[in-house]
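Close look at the chain arrangement
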Amino acid sequence: MTNVRTMRTQEEIRRSSRASAKRSWMVSLVIKLSFMFALIFLAVNARIIYNQKAEQINREIARTKSKIHQLNREIANLKVRKEQLSSWPYISSRINMFKLGLRPADSKQIRKIVLLDVDGHSGAMNGTAELYRENRTAGTD
Amino acid sequence: MTKFTQMGRRMIVVTVILLLLFGYIGWQLYTVQIRRHDELYKKARMKYTTVKTMNGKRGEIYDYSGNLLVGNIPCSDVCADPSIAGDAKRCREIAKFLAEKLEISEESVYEKLMDKEIVTRNPDGTKKVRQRKFVIIKGKVDYEIAERLKLETARLGYKTVFYRETTKRYYPKKQLLANVLGFTNLDRDQVVAVIGLEKFYDNKMRSVQGLERYERSRDGLPLAYGNSSMKEDKDGFNVYLTIQEPIQAILEEELDKFMERFTPKSAYAVMADPYTGDIIAVAQRPTFDPNDRNSMKPNAWRNRIAEDTFEPGSTMKPLVVAGALDRGIVTPETRFDCEKGLWFYGGKSLKDSHPMGILTVSEIIQHSSNIGTAKIALAMGEKTLDEVLRSFGIGSRTGIPLKPETAGIYRPLKLWDTLSITRFPIGQGVAVSPLQLVRGYCMLANGGHPVKLRLVDRIENPATGIEQKMPLEKHDSIFKDPSTHKKIVEMMKTVTGQGGTAKTAAIRGYYVAGKTGTAQKFVDGAYSRKKYIANFAGFVPADNPRFVLLVVADEPNGGIYGGTVAGPTFQTIAERTLKYLNVKPDYDADARDQEQKLAKKKKLEEMRREREIEKTRNGVIPAPVQRKARVSRPAGNGKYKINGRKYRYITFTKR
């Protein structure tokens, strides 16, 4: 029996529909597989990128840690050096070496005390402030 | 058909071969993964696992205000790997460079670089040769030098040279407080505390070692997803002392001048707060620089202030008199016959250096009469005297954190002989440590309250910042009569006043309460006539003391008396300290000088007027008032020779 409109036999029609069903199944499988592979690819890539970033940060951390360690060592060294330089035996040895002739403070050295207000100007004693503009806290003999 | 059969055979052969190959691979996999798993896994782990030890930081020592006294300074060990050092020419070049930079012998560096093999013997006696990969060229190289060297070796491409970071114990103030601080040694990379506070607080200051284990990448960095474990290292606790560095510096500087002037065998000075017992400054000579191991002589190591004992001599008298006053046995006005300087008791003579007649108790202290003090003690009786001395801490340790600490030499009452009651009050037959005497004087200064001497103020945990304060102990006064304190202070003030034995210890503007001590040394079973211990102990300002100060000289030259030897040093240390502490003077010294000058002028005026009156009455000019003749000091340093013998001027005023 032949279909008058398409001029195809029943057998042909059946074969064609079977083939198209097979094709559509194949396509959907390929699509599914591609999607799956794409997902896997994405996941693996994401993981690689993430790992790379983590390693990069890790290296950065290690570098910073080492820098901090170096700075700490430098600070410790400077701290000890500062203590060494600010100790009285060292200062007195320098005074002697350069013959600075420093003497201990004596209250009688002070000739006039100028009191400063909050802004650093002498408040009550304007005249004195003018007189002792250079040495604002105390004049010495 | 034939073709098919041939193909089948080939297929079988190939299959068998493949099967064998797969079998071999399977076997290998089994061997690697299962049979030798543990061994190979261990090897692999060793290759990619790094184990790092972290030593932590040993606790530091600071003064009261946080000035560093003992710290850890970073430094580096300069090391080399001889296996990659290259040939003799290259080794010579590197050795020359390192020797120049590190100031060491070129030959020794060259030898180290050329020593490329380690030969060991196996248990079966065969030789085993390994490559030497590590030698230390120079240990503990200063941070700055090592850093400079690092850059230079990198620039020159000396890959054989590498650096091992480390720290060393450092004493930035050098010999300042050296004996009290002590020092540490290194024994196979382990810190061993030897003496002083370093030893006493070793368990607190010792750091706890940390351990980090991680899997690393090819370049040595830790893997982000690798296995890792970590045991944190812990820094040791920091110790804060009661010492005040600026005052300590004053004390040490003055003690150095003192050593220069009197060249004693040894000298020490201790300053303490009489109310809290805090030791503000303490120094001894001889001493050492803990950074320079060559200067460390065993006799300089000893902590003399805690370990040494000496007979205090007359510095003991105020303690005895205070006890007698407190018990109402004597008053400051009670009179005693001082027998013109010679008195026999118990079959033995007792002498005074300045013969005196009848003296009040105050004058006994002022003139330091041995006979007078012995008579006061006799009035007290043995039991009371023993009670008094023990209440001032004689014979008991101060408990300061320095080991060993002596308890001094003080016999129990049942072992006293007839002479003990006359000798102990004048500081003979009794030996105390400098710290014990300072503690006794703290009690005299603070109104009789026993104090526990403190050297450590607080201990800090650097990780948390939590501080543990050392407790202050408060005790009731040993004086039953509240006026005792004032009475004994008034007496002690006279010592540094006009007519006292220590005018040299007086400070302009301040009242100084103190007592001199001059003790003969006990040598070979007898008191030496040549060897003395001179000391002075006192407190300033007398009525509201800021500190107690003791200065001791063992066998001084150029003087023997506490007043002349230790007094001036006491004065300079105390004066500088008072200025540093900004202590208000007790009186205006200038105004007082002015008053005295005016009084003198007035007196002279009166005398002149009397002469005038006399002149007008008799019509005769009276002879002028004889002024004291003054003998001028000879030129030079006061030494001169007559007939080859050396003489020296002692006094310059002819009376």
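Residues numbered from 1 in each chain as written. Chains lettered and ligands numbered in written order. Predicted model: local features only at pLDDT ≥ 70, side-chain atom pairs only at ≥ 80, totals over all residues. Heavy atoms only, no water.

1. Considering the overall build of chain B
Across its full length, chain B carries 20 helices and 25 strands. Expressed as a percentage of its 655 residues, the buried residues of chain B come to 45%. The long-range fraction of contacts in chain B, counting pairs at least 24 apart against all pairs at least 6 apart in sequence, stands at 70%. (Helix = DSSP H or I, 4+ residues; strand = E, 2+ residues; numbered from the N terminus. Buried < 20%, exposed > 50% of the residue type's maximum accessible area, 1.4 Å probe, protein only. Contact = heavy atoms within 4.5 Å.)

2. Some thoughts on the overall build of chain A
Scanning chain A for helices and strands turns up three helices and two strands. In sequence order, chain A lays out its α and β elements as α-α-β-α-β. With 141 residues in all, chain A has 13% of them scored as buried. Relative to all contacts within chain A whose residues are 6 or more apart in sequence, the contacts with residues 24 or more apart total 29%. Entry remark: accessible area of chain A is about 12000 Å², with carbon and sulfur atoms responsible for 63%. (Areas by Shrake-Rupley, 256 points an atom, 1.4 Å probe, with all protein chains shown as cover.)

3. Side note on the sheet that holds strand β11 (residues 228-231) of chain B
Residues and elements named next belong to chain B. Strand order in this open sheet of three strands is β1-β10-β11, and the pairing throughout is antiparallel. In this open sheet, the two edge strands, each paired with only one partner strand, are β1 (49-54) and β11. Taken pair by pair, the neighbouring strands of this sheet meet at an average axis angle of 15 degrees, ignoring direction. Here β1 runs beside strand β10 (residues 210-215); their pairing, made up of six bridges, is antiparallel. Bridge pairing in β10 places Met54 opposite Gly210. In this fold helix α2 (residues 37-48) packs onto β1 and β10, with an angle of close to 55 degrees to the strand it touches most, β1. (Pairing = 2+ DSSP bridges. Axes fitted to C-alpha atoms, helices over the stretch in contact; angles between N-to-C directions.)

4. Overview of the side chain of Arg423 of chain B
All names here are of chain B. As for its placement among the helices and strands, Arg423 is situated in helix α16 (residues 420-423). The buried charged residue Arg423 lacks any salt bridge, with Asp417 as its nearest oppositely charged partner at 8.1 Å. A polar atom in the side chain of Arg423 sits 3.2 Å from the backbone oxygen of Ser349. In this structure Arg423 touches Lys348, Ser349, Leu350 and Gln428, once residues within four positions along its chain are discounted. (Lys, Arg positive; Asp, Glu negative; His and termini not counted. Salt bridge = Lys/Arg side-chain N within 4 Å of Asp/Glu carboxyl O. Polar contact = N/O pair within 3.5 Å; in protein donor to acceptor, adjacent residues only side chain to side chain.)

5. Observations concerning the environment of Asp386 of chain B
All names here are of chain B. Within the secondary structure, Asp386 sits in helix α15 (residues 382-391). Overall, Asp386 belongs to the buried group, its relative accessible area being 10%. A C-alpha to C-alpha distance of 9.8 Å links Asp386 and Pro425, two positions 39 residues apart in sequence.

6. A look at the interface of chain A and chain B
Where the parts come together, the accessible area they lose is often given as the size of the interface. Contacts between chain A and chain B engage 25 residues on the former and 33 residues on the latter. Carbon and sulfur atoms make up 48% of the surface buried where chain A meets chain B, a total of about 2300 Å² over both sides. The largest per-residue losses of area from chain A upon contact with chain B belong to Arg73, Val80 and Glu83 of chain A, which jointly make up 26% of the total buried on that side. Between Lys79 of chain A and Glu60 of chain B there is a salt bridge, with the nearest N and O atoms lying 3.1 Å from each other. At the level of elements, α1 (10-86) and α2 (88-97) of chain A are the ones that each hand at least two residues to the side of chain A that touches chain B. Partitioned by chemical class, the residues of the side of chain A that touches chain B number eight nonpolar, eight polar and nine charged. (Buried area = accessible area lost by both parts, 1.4 Å probe. Nonpolar A, V, L, I, M, F, W, Y, C, P; charged D, E, K, R; others polar.)

7. Regarding the sheet that holds strand β14 (residues 279-285) of chain B
Pairing between the strands of a sheet comes from backbone hydrogen bonds, and it takes one of two forms, parallel or antiparallel. Residues and elements named next belong to chain B. Within the open sheet, the five strands sit side by side as β14-β13-β23-β22-β21. Their pairing is antiparallel. Sheet topology places β14 and β21 (513-523) at the edges, where each strand pairs with a single neighbour. Strand after strand, the sheet turns through a mean of 10 degrees between neighbouring axes, direction not considered. Relative to β21, helix α18 (residues 483-495) is tilted by about 70 degrees, and along the sheet it contacts β21 and β22 (526-540). The strands touched by helix α19 (residues 562-581) within the sheet are β13 (266-272), β21, β22 and β23 (547-554), with β22 carrying the most contacts at an inclination of about 20 degrees.

8. Looking at the confidence of the model for chain A
Any residue range with low pLDDT should be treated as having predicted coordinates unsuitable for detailed reading. A residue-level look at chain A finds 70% of positions with pLDDT of 70 or above and a mean pLDDT of 78. Across chain A, element-level confidence peaks in α1 of chain A with a mean pLDDT of 89 and bottoms out in strand β2 (residues 138-140) of chain A with 39. (pLDDT = per-residue confidence, 0-100.)

9. Focus on the packing of aromatic side chains
Residue and element names in this part refer to chain B. Per the stated rule, a full pass over the model turns up 17 aromatic pairs over all chains. Summarising the aromatic geometry, the rings of Phe97 and Tyr158 are spaced 5.5 Å apart at their centres and angled 65 degrees between planes, so their arrangement reads as edge-to-face. Placement of the pair is Phe97 in helix α3 (residues 88-102) and Tyr158 in the loop between α5 (143-156) and β7 (161-170), with a sequence separation of 61 residues. Taken as a pair, Phe97 and Tyr158 share a single burial class, namely buried. Pairing Tyr410 with Trp416 gives two aromatic rings, centres 6.2 Å apart and planes at 75 degrees, and the pair type is edge-to-face. Neither residue differs from the other here; Tyr410 and Trp416 are each classed as buried. Taken together, the aromatic side chains of Phe183, Phe288 and Trp301 make up a single cluster linked through ring pairs. The ring of Tyr110 carries Arg92 above its face, with NZ or CZ at 3.9 Å from the centroid. Between Arg458 and the ring centre of Tyr64, over which it is positioned, the NZ or CZ distance is 5.6 Å. (Phe/Tyr/Trp six-rings, centres within 6.5 Å; stacked < 30°, edge-to-face > 60°. Lys NZ or Arg CZ within 6 Å of the ring centre and 35° of its normal.)

10. Considering the packing of α3 of chain B against helix α4 (residues 106-114) of chain B
Residue and element names in this part refer to chain B. Where α3 meets α4, the closest approach of the two axes is 8 Å, and the angle between their N-to-C directions is 140 degrees. Between α3 and α4, the angle falls in the class oblique. For the pair α3 and α4, the sense of crossing is right-handed. Contacts between α3 and α4 pair Ala88, Cys91, Arg92, Ile94, Ala95, Lys96, Leu98 and Ala99 from the former with Glu106, Glu107, Val109, Tyr110, Leu113 and Met114 from the latter. Residues belonging to the contact of α3 with α4 are distributed by class as follows: ten nonpolar, no polar and four charged. (Parallel < 35°, antiparallel > 145°, perpendicular 65-115°, else oblique. Left-handed = near helix turned anticlockwise from the far one by under 90°.)

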